[in-house]
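Below, each chain spelled out in residue letters.
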Amino acid sequence: MIAYIIRRVLYAIPILVGVNVITFILFFVVNSPDDMARLYLGDKRVSQEQVDSWKSERGYDKPLLYNETAKGLDRFTDTIFFTKSVGLFVFNFGPSDYGRDIGYEIQQRMWPSLAIAVPVLILGLMINITFALTIAFFRGTYLDFWAVVLCVALMSISSLFFIIGGQYLVGKLLHLVPISGYYYGFEAAKFLILPVIVGVIGGIGSGTRWYRTLFLEEIGKDYVRTARAKGLSETTLLFRHVLQNALIPILTGVVVVLPLLFLGSLITESFFGIPGLGSYTIEAIGNQDFAVVRAMVFLGAFLYVIGLILTDISYTIVDPRVRLN
Amino acid sequence: MTETILRVKDLTTRIGTGEAAVDAVNDISFEVSRGETLALVGESGCGKSITALSVMRLLPAAVHIVQGDIVLKGQSLLQLPEARMREVRGSAISMIFQEPMTSLNPVMTIGRQISEALRLHQNAARDSLNKRVVELLDAVRIPEPQRRVSEYPHQLSGGMKQRVMIAIAMAATPELLIADEPTTALDVTIQASVLKLLRDLQRDIGMAMLFITHDLGVVAEMADRVAVMRGGEIVEQSARDEFFSKPRHPYSRDLFNSVPTLGKRGHRLAVVGDDTGPLDAVVSPLHSRESGDPELLLRVKNLKVYFPIQKGLFKRTVGYIKAVDGVSIDLPTGRTLALVGESGSGKTTVGKGILQLIRPTQGSVEFANEELTHLNSAELRKRRSGIQVVFQDPFSSMNPRMRVTDIIEEGMKAQGTERDAAKRKQRTMLLLEQVGLRPEHALRYPHEFSGGQRQRICIARALAVNPRLIICDEPTSALDVSVQAQILNLLQDLQQRMGLTYLFITHNISVVAYLAHEVAVMYQGRIVEHGNVERVLNNPEHEYTRSLLAAVPHVPELQSL
Amino acid sequence: MIVPLLDIKLGLLLTDALIFLLLIFTVAFAIYVSRTPHLRSQWAHVLHNRAGMISMVVLSFYLVMGLLDSIHFYPKVESGEGKVVYSVQLDSVLDKILAPIRIAVEKTYSAPFATNLYAKETVTVDGVETRIYPRLKHGGSHLDDPENEKSADILSHTLQGAFKGTLVWLLLAVLLVIILAYRNKVSLSQIISSLMRGKSVTPWRSALFTLALVVLLIGVCAELSVYYHVFGTDKVGEDVLYQSLKSIRTGLVIGTLTTLVMLPFAILLGIMAGYFRGWIDDLIQYLYTTLNSIPSVLLIAASILMLQVYMTNNADQFNNLTQRADLRLLFLCLILGVTSWTGLCRLLRGETFKLREADYIQAATAFGVGHFTIILRHILPNVMHIVLITVVLDFSGLVLAEAVLSYIEIGVDPTTNSWGNMINSARLEMAREPIVWWSLAAAFLFMFVLVLFANLFSDAVRDAFDPRLQGSQ
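Being a predicted model, the structure only gives us computed values, none of them experimental. (Residues numbered from 1 in each chain as written. Chains lettered and ligands numbered in written order. Predicted model: local features only at pLDDT ≥ 70, side-chain atom pairs only at ≥ 80, totals over all residues. Heavy atoms only, no water.)

Caption draft 1: How the structure looks around the overall build of chain A. Assigned secondary structure in chain A consists of 14 helices and zero strands. Reading the secondary structure of chain A in the N-to-C direction produces α-α-α-α-α-α-α-α-α-α-α-α-α-α. For 325 residues, the compact-globule formula gives about 20 Å, and the C-alpha radius of gyration of chain A, at 25 Å, lies well above that figure. The principal-axis extent of the C-alpha atoms belonging to chain A is close to 80 × 60 × 35 Å. Looking at the 325 residues of chain A, the share that counts as buried comes to 50%. (Helix = DSSP H or I, 4+ residues; strand = E, 2+ residues; numbered from the N terminus. Rg over C-alpha atoms; globule rule 2.2 N^0.38 Å. Buried < 20%, exposed > 50% of the residue type's maximum accessible area, 1.4 Å probe, protein only.)

Caption draft 2: Here's a closer look at the sheet that holds strand 2 (residues 22-33) of chain B. Residues and elements named next belong to chain B. Strand order in the open sheet made by the four strands is 2-1-4-5, with antiparallel pairing throughout. Of all strands in the sheet, those with a lone pairing partner are strand 2 and strand 5 (75-76), marking the two edges. The sheet contact formed by strand 4 (residues 63-72) and strand 5 spans two bridges and is antiparallel. Note that in strand 5 the partner of Val71 across the bridge is Ser76. (Pairing = 2+ DSSP bridges.)

Caption draft 3: Representation of the packing of aromatic side chains in the model. Inspection of every chain in the model, using the stated rule, returns 17 aromatic pairs over all chains. Ring geometry for A:Phe24 versus A:Phe28: centroids 5.6 Å apart, planes at 40°, classification tilted. Taken as a pair, A:Phe24 and A:Phe28 lie in helix 1 (residues 2-29) at a separation of four residues, close to a single helical turn. A:Phe28 carries the same exposure label as A:Phe24, and that label is buried. Measuring from ring centre to ring centre gives 5.8 Å for C:Trp437 and C:Trp438, while their planes differ by 80°; the resulting arrangement is edge-to-face. Here C:Trp437 falls in the partly exposed class, since its relative accessible area comes to 44%. (Phe/Tyr/Trp six-rings, centres within 6.5 Å; stacked < 30°, edge-to-face > 60°.)

Caption draft 4: The interface of chain B and chain C, seen in detail. Residue-level contacts link 25 residues of chain B with 21 residues of chain C. Here chain B is connected to chain C by one salt bridge. The partner of B:Glu410 in a salt bridge is C:Arg377, and the shortest N-O contact between them spans 2.8 Å. Remark: the boundary between chain B and chain C carries eleven residue pairs in polar contact (both at pLDDT 80 or more). (Contact = heavy atoms within 4.5 Å. Salt bridge = Lys/Arg side-chain N within 4 Å of Asp/Glu carboxyl O. Polar contact = N/O pair within 3.5 Å; in protein donor to acceptor, adjacent residues only side chain to side chain.)

Caption draft 5: Structural view of the interface of chain C and chain A. Counting from both sides, the interface comprises 48 residues of chain C and, opposite them, 47 residues of chain A. Between chain C and chain A lies a buried interface of about 4000 Å² when both sides are counted; carbon and sulfur atoms form 74% of it. One can count one salt bridge joining chain C with chain A. With its nearest N and O atoms 2.8 Å apart, the salt bridge here joins A:Arg209 to C:Asp459. For the side of chain C that touches chain A, the secondary structure elements donating two or more residues are helix 10 (278-293), helix 11 (296-313), helix 14 (371-407), helix 15 (419-427) and helix 16 (438-465) of chain C. No other element matches helix 11 of chain C, which puts 13 residues into the side of chain C that touches chain A. (Buried area = accessible area lost by both parts, 1.4 Å probe.)

Caption draft 6: Here's a closer look at the packing of helix 2 (residues 37-48) of chain C against helix 16 of chain C. Residues and elements named next belong to chain C. At a minimum axis distance of 8 Å, the contact between helix 2 and helix 16 shows a crossing angle of 140°. Classified by the angle their axes make, helix 2 and helix 16 are oblique. Considering the relative orientation of helix 2 and helix 16, their crossing is right-handed. Note on element contacts: helix 16 touches helix 2 through Phe457, Ala460, Val461, Ala464 and Phe465, opposite Gln42, Trp43, His45 and Val46. (Axes fitted to C-alpha atoms, helices over the stretch in contact; angles between N-to-C directions. Parallel < 35°, antiparallel > 145°, perpendicular 65-115°, else oblique. Left-handed = near helix turned anticlockwise from the far one by under 90°.)

Caption draft 7: Inspection of the side chain of A:Arg212 at higher detail. Note that A:Arg212 resides in helix 9 (residues 188-219). Ignoring anything within four residues of it in the chain, the contact list for A:Arg212 reads A:Ala132, A:Ile135, A:Asp144 and A:Val148.

Caption draft 8: Structural detail: the sheet that holds strand 12 (residues 316-332) of chain B. All names here are of chain B. Read across the sheet, four strands follow the order 12-11-14-15 without closing on themselves; strand pairing throughout is antiparallel. A strand with exactly one partner marks an edge of an open sheet, and here the two such strands are strand 12 and strand 15 (370-371). Note that strand 14 (residues 362-367) and strand 15 share two bridges and pair antiparallel. Among the inter-strand pairings, Phe367 is bridged to a residue of strand 15, identified as Glu370.

Caption draft 9: Representation of the pattern of salt bridges within the structure. One pass over the full model with this rule turns up 58 salt bridges over all chains. Two residues, C:Asp91 and C:Arg102, come together in a salt bridge whose shortest N-O distance is 3.2 Å. Here the residue C:Asp91 occupies a position in strand 6 (residues 91-92), and C:Arg102 occupies one in helix 5 (residues 99-103), the gap between them amounting to eleven residues. Classification of C:Asp91 as buried rests on a relative accessible area of 13%. Among the ionic contacts, a cluster of salt bridges with common partners joins B:Arg141, B:Lys196, B:Asp200, B:Arg203 and B:Asp204.

Caption draft 10: Here's a closer look at helix 6 (residues 158-170) of chain B. Across its 13 residues, helix 6 of chain B extends 18 Å between first and last C-alpha, which sits within 8% of the 18 Å expected from 1.5 Å per residue. Counting buried positions along helix 6 of chain B yields 13 of 13 residues, so the element is predominantly enclosed. (Expected span 1.5 Å × (residues − 1).)

What is shown is where atoms sit, not what they do.
Now the structure itself:
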């Protein structure tokens, strides 16, 4: 078990190196730092001195992979690839292209992101499971049929619609909560309600339908017939036997995304003006702040790999059949 | 006069509605009394399982009881509301199923699964509950019951799981136990012990038993009375001894005659509903196959197939699963060697090792005086036509996306035995005819055929490249006995006509007795006994062989034979 | 290429070429299916499914729009010296068809069916400056007294449109009946009665009913849009209905070309990993785990950012606006493809892993059939259902993704017509009073209908092709 986890952690290293290579190619090879500087400085006729000073301020003035002017090992370490990669691996993201410290920003903005993402996840999970169980109980009836139709219809609605519609209805027409903005502390609640509700509703269609499929798959299995032959009632059957088995794929599916909750939701946060990591990323994209986007790519990949490891571990906890080797 | 526990009267159960409806069970009546076992015998699709589920009222949604009555101790079950019926299930009537592997909840300890049944039907207190669970596990002879309580189903073997199922069924001391093919998925030695357990439990608590099976040997061991089902109807009901001495219905007699036994060697087996001729004519002796000293075709020496077990941080190989551990076989041309063993004995791996589908870890496979293990894949490819294979599962052994003609021609193309397309077609037609199929079958897809027909196509496919040796890996164990008889007849015919050599891998002793010249008994990756069939079956030397043979349920030979 | 008779010069965008390539593939596949009995019977399941049939009718409307919008040409422009000169601006056949509403440009916003502008303007009437809502140049300009005449006028045009629609529908219905009667070799009356009672195996009645709805809606919209802006106009006065219809092509391109781009990789790598195992499997797994570990939005954002940098710095290579936007659309498909192939690849790997052990593949190996042939003959046909289900399932997700990506400005080019761009430009007007809702509504409506019926269609396909679902039925 421990050997397995260690191996998984070690396996994460080549993956992160791979991610790093991809981002390096994207950010430094496809376009040279000069190109970025020109775009950033915004003027076609910008002088080479301006470009050079922009690059040296941000450490982009080194050679990409191999430094001919340096000596010994420095030939490889005194390069953009090495300096920028090492920074990522020790979570020292450095300053953004606008000069603010990325690490500090991430620490600050992580919490508002979590304040939305966690309630959305938990509420969504509870509501979707409840709906799906109810539908599974009435399987084969008209209720089942129309519930599935409703789910498909909900799935077909763009998430943007829920956000815009929610803002318009709750915020503008009913004036129940502010449309956007954020306070820290308990005051945050009134800003969070709407995005959380919108997030949950947006996920009901696909979530409920997916869980219903899982439940129905379990209901068709032999052990359910055994339980019926014992004389169990349909509700006990669903709650004790079917739910327990179907929860395995549901929970492990959730565990994968747990670490990624830190990154927040890009769209929701920027629409509702929540100062989380999602809106941070959006702003960075809008401002063409390459350092931030690069940091977020690496962070996202890192969290995903953590999620994969957690998933494996969670399997051993919830599924007695799984022993990791 | 013993008390009647279950009375089924004029029961008709229908699948589907409207014009597409089929009566899976058609107007059947039977009774089971206290302490008695009624065996419901029939081939797949005869409606025996539907009958059992009708009694439990656990039919799938599309299946309905349309007529008749089911009476348990004077109480009509069909009149009961669902809530009352639930009280009957698991207490007055219990049921065990065919697949012990999937019939238990995989994420619940077996202790909880048993106590769940106890709590439902007996108001046992919590502390006494645990005691009862252990008692039950002990009663179904599970060793160390205290420890097993907290284990999960996957930690138990198939036989143990079936015992747990029986413990659940016994939890409320039922009046009637319905056992639906309870030992079909188990090895014979385990089958024997589970059957004994059921008999003992029945004797102890005096329950009635409705025992559903397709195996006449099991019927002979278990039944007090026998009901034979065919096409949804009960064609014959009689007491056990009467049934085995004088089966009345022609179908029952056909069933008997299609069971392969040592005594029927050299005779064709009877087949049911086949167009190969009337029944009286088919039990005719074949030509004697014994001839002079034939040449050696296959020589396997000290074959070993190991699978590495990898553990630890760097997946170091810490040991090996010795699937095949030093097997040696000599097989002369034109003979049949049966490789017998229970599941996990490594017999299938031997077959794949000979075919070089799995490269052996060690040892030599010499086919027609040529060593196969040293050949590289290109050289091997050229020699593939010599050895062919027929698999167990007629449903997964053909590509569902190919037509029969393409399936049969594939080998000819790959081996280049017949380069002319027209000649290939011609040969395909000939092969179809040889295996008893019609030319128009060539353009159909596998799913349009029954299990037996598919197995015929697989044989035709193997024959297409003129092999000298065919490895038959349990070719009949997924088939009903009457269909099995057809395939066995076909294999014998082909051997005679073409001088084929068979390596027949099976767990079924009666097939061995009927078909093989020699037999090798495998146990844990090794051959423990090897010799002439009659010698091994009549005078087994190795202890394992003896216990294996003792466990095989014995079908009494009909007097009329 | 100049087509002499029509006096136009054909122009081919990169995405057009790919769309027609895809179309050729699809037609070839359809012919193959109709000649292969088991595939035909599975597709027959889709056709016999009522939801499947209805969605096919609706989807074909979108498809026709998208295809019409993919035939591009340079229109002829008059030049003084009698020489034939072609415009540098690419037009599509759809543009030509929609010309009446395309050129009916107002000054700025106007509500659906409005006759006056949304915003007040200062005009000088008889020397006095007043602020009024000026009349629209096109919308309802034929009315003298809009307030009193408008309702009646709309009603009469609706009826006219409905009538024309009904005629077209009748024509199509009669055609269908004749074809059916001819193919099944029964009398017309028999076909009609079986259709009316809904007894046909293929749910033609539902299809005809859906077709009636679609044709009626088109008829009414077409009739009304000549006189009014059915969905209003946007900030620069462009007709919203025109924009919505033009956006169809973008949605379809993203939904289909992305798949086309990723399929070869997913199929090849997935099957190779599952079939050869060992280090090939390790390598491919590493590849897709690495790609998968980058959150796709971020990967798309990074790539699009880099594309922007590249395009800005090499602006001289992209002199034509349409081509530049088209290239960006294609690039978006590419990068979406890169982020979405991993799921299918993993599925195929798992399935091949299982299939490899199937007896029929063992049997083929025992015949000495080569690896390549085994993959082509035995594995590929038996995993195609997974590919097909994934393709239809992915489609709706991609259409929705386009809107989201365009909203955060990492989607299609701002000059490309797309529902995402419509939503993006309209959301800023949410704060206005009264609210400008029509652009949003139109974009959401068109997108919803497409995605809904694509979802229903994919359900029908899954019912027909997923062996697990067939087992439970």
